[in-house]
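Now for the letters of each chain:
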Amino acid sequence: MRITTERLTLHPWSEAFFDDLFALAQVPETVRYVGTGEPWTREYTLAKHRATLEHWAEHGFGWFAVSAAPGSFDGVVALVCRDAAESGIGHPAVEMGWWIARPCWGRGYATEATEAVRDHVFASGFADRLLAVYEPANEASGRVVEKLGFTTHSTRTLDGRRERRAVLDRPR
């Protein structure tokens, strides 16, 4: 179930993307607003990769690899099912996140890729509610969240890091 936009191709996650994910997760600018803000270890990346493959097998959707040119790996749009407790909003939701490789920053790829995935998820009936969790200091992600139509649900501090939760319900 590949998704295409005017400039991008979004590929369902597969075994082939592990090395690219690990390389992306080594870039400090990429991971600074994710988790601890530190580059991912190979073991942690492998656990995320395996969990993503399992998510696809269980739910029929999950992470997508972003390609701006044939054979390139230019980022990720992540989708993960969260129950009411995990979501932090009191309702089940599909959490959406994204990373775009630094050489592709400033081109609108994050917005283009996430809009396409948002539309696909809602049209396919995979989710009635999307959740975005991001640090307010991450202004670029904040702009993507706004462009996609999310509304702020809450802001909290967790382990010394502020995080904002925003939600978007499927249009009726």
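Everything here concerns the structure above.
Here is what the cut-offs are and how they apply
- Residues numbered from 1 in each chain as written.
- Predicted model: local features only at pLDDT ≥ 70, side-chain atom pairs only at ≥ 80, totals over all residues.
- Heavy atoms only, no water.
- Core = buried A, V, L, I, M, F, W, Y, C linked by side-chain atoms within 4.5 Å.
- Buried < 20%, exposed > 50% of the residue type's maximum accessible area, 1.4 Å probe, protein only.
- Helix = DSSP H or I, 4+ residues; strand = E, 2+ residues; numbered from the N terminus.
- Contact = heavy atoms within 4.5 Å.
- Pairing = 2+ DSSP bridges.

Caption draft 1: Here's a closer look at the nonpolar core. The biggest cluster of nonpolar side chains holds 45 residues, and the ones touching the most others in it are L10, W13, L79, V117 and L130. At the level of secondary structure, the elements contributing two or more residues to this core comprise α1 (18-24), β3 (64-67), β4 (75-82), β5 (93-100), α5 (109-124), β6 (129-134), α6 (139-148) and β8 (161-169). Take this core: its biggest share by element is seven residues, from α5. Excluding anything up to four places from it in sequence, L79 contacts H55, F61, G62, W63, F64, V94, E95, M96, V117, V121 and L130.

Caption draft 2: Molecular detail of the pairing of strand β7 (residues 151-158). Pairing geometry for β7 and β8, over seven bridges, is antiparallel. Among the inter-strand pairings, T155 is bridged to a residue of β8, identified as R164. The antiparallel hairpin formed by β7 and β8 contains two residues in its connecting segment, where D159 sits at a positive phi of about 55 degrees.

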